[in-house]
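Residue strings, one per chain:
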Amino acid sequence: MATLHRVTLFSIPNLQSRLKLKPHLRCLGGINGPTSPDLIDLEYADLRLKPLYAASETGHVRIRQHVNPLSSSFRVPVQPPDWKEVFRDSTLPLMVDIGCGSGRFLIWLAKNSPQPRNYLGLEIREKLVTRSQFWVRELGLKNIHFMYANVMVSFEQLVSSYPGPLSLVSILCPDPHFKRRNHKRRVVQKPLVDSISKTLNLGGQVLIQSDVREVALDMRSLFDSYDVFKRVDQIDSSLTCDSEGWLLGNPLGIRTEREIHAELEGATIYRRLYQKISQSS
């Protein structure tokens, strides 16, 4: 078994430290407090995306919040791109964000992370991907790419073709599909976890997160059932958890838009970080 090292994802100040400089924003949810859009703008302020809204028709898009990934229109696997054209250096470690939404979260990481890494955002809503790619081009970033894809059918084919190692997979606040008959539409199913366990580099990590406890427990149950994964807090004691093993803080230093909204509403964010400790059989 490979030696397991102390894990450090990012050492970037999170929103809480930035809010210390803005006392008028501390009163979250009050009558005069900021709304979700206010906090999202603050979280991603240094990306300076607002001026780009008027530069393209993709600035403001109307999207469906819920998409059925089992629909026949989403069942055709996408072909891998020419990675050498997509990234400046296609041999760098890769982070894949499954269900990347608007893409702001991943763009922020690509712009601010001190680690040499490429970023791939996979999203099933095509309009969001079009806008994200427009932002990437306008910002001149060469370490990030977004793709319109259904990970249920395309994840393994895409990631296994990448020349470098897969070092991190994030699945953050996926669509909960609340109705029991729609649970099969949830993105974290055994075939996807199988694919992640095969393609993730030894020592690579998986971050799962949801503001819906039932969904978080469902994801946790699946990843806990794989011997190749171990909770990172059991390897790195600096990562603190509650009594149920949920991480108490955000290890990435930046919040997703859904996370911002959920915390503003007073919801609990359930997180687990796993590390691959052995090769899958």
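Residues numbered from 1 in each chain as written. Predicted model: local features only at pLDDT ≥ 70, side-chain atom pairs only at ≥ 80, totals over all residues. Heavy atoms only, no water.

Trainee: Whenever I open this one, the overall build of the protein confuses me. Can you help?
Mentor: Within the protein, the secondary structure is distributed over 10 helices and 7 strands. Counting across all 281 residues of the protein, residues that qualify as buried make up 52%. Within the protein, contacts between residues separated by at least 24 positions form 81% of all contacts whose residues are at least 6 apart in sequence. Total accessible area on the protein is roughly 13900 Å²; 50% of this is exposed by carbon and sulfur atoms. (Helix = DSSP H or I, 4+ residues; strand = E, 2+ residues; numbered from the N terminus. Buried < 20%, exposed > 50% of the residue type's maximum accessible area, 1.4 Å probe, protein only. Contact = heavy atoms within 4.5 Å. Areas by Shrake-Rupley, 256 points an atom, 1.4 Å probe, with all protein chains shown as cover.)

Trainee: I tried to follow the environment of Asp194 on my own but got confused; where do I start?
Mentor: Position of Asp194 relative to the elements: it lies in helix H8 (residues 190–199). On the basis of relative accessible area, Asp194 is assigned to the partly exposed category, the value being 22%. Residues Asp194 and Ser280, spaced 86 residues apart in sequence, show a C-alpha to C-alpha distance of 8.8 Å.

Trainee: Quick question: what am I supposed to make of the sheet that holds strand S7 (residues 270–276) here?
Mentor: Strands belonging to one sheet form pairs held by backbone hydrogen bonds; the direction of such a pair is parallel or antiparallel. Spatially, 7 strands are ordered S3-S2-S1-S4-S5-S7-S6 in an open sheet, and the strand pairing comes out mixed. The sheet terminates laterally at strand S3 (144–148) and strand S6 (229–231), the two strands that pair on one side only. Here the strands of the sheet are splayed against their neighbours by 20 degrees on average, with no regard to which way each runs. Across 6 bridges, strand S4 (residues 166–172) lies against strand S5 (residues 200–210) in parallel orientation. Paired with Leu168 across the two strands is Gln205, which belongs to S5. (Pairing = 2+ DSSP bridges. Axes fitted to C-alpha atoms, helices over the stretch in contact; angles between N-to-C directions.)

Trainee: What exactly am I supposed to notice about the confidence of the model for the protein here?
Mentor: The predicted structure's coordinates, where accompanied by low pLDDT, should not be read in detail. On average, the protein scores 85 in pLDDT, and the residues at 70 or more come to 79%. pLDDT under 50 marks residues 10–30. Its contacts with residues more than four places away, or in other chains, come to 39 contacts. (pLDDT = per-residue confidence, 0-100.)

Trainee: Explain the packing of aromatic side chains to me, please; I cannot follow it from the model alone.
Mentor: The relative placement of two aromatic rings is captured by the distance of their centres and the angle of their planes. What the rule picks out here adds up to 8 aromatic pairs. Measuring from centroid to centroid gives 5.5 Å for Phe223 and Tyr274, while their planes differ by 25 degrees, and the two rings are stacked. A residue pair is termed long-range when its members are at least 10 positions apart, and Phe223 in helix H9 (residues 213–224) and Tyr274 in strand S7 qualify at 51 residues. Using a relative accessible area of 0% as the deciding quantity, one classes Phe223 as buried. With a relative accessible area of 1%, Tyr274 lands in the buried category. Ring geometry for Trp246 against Tyr270: centres 5.3 Å apart, planes inclined by 65 degrees, an arrangement best described as edge-to-face. Of this pair, Trp246 sits in the loop between S6 and helix H10 (257–264) while Tyr270 is found in strand S7, placing the two residues 24 residues apart along the sequence. Each of the two residues, Trp246 as well as Tyr270, counts as buried. Pairwise contacts between aromatic rings join Phe223, Tyr226, Phe229 and Tyr274 into one cluster. We note Arg272 situated over the ring of Trp246; from NZ or CZ to the ring centre the distance is 5.7 Å. (Phe/Tyr/Trp six-rings, centres within 6.5 Å; stacked < 30°, edge-to-face > 60°. Lys NZ or Arg CZ within 6 Å of the ring centre and 35° of its normal.)

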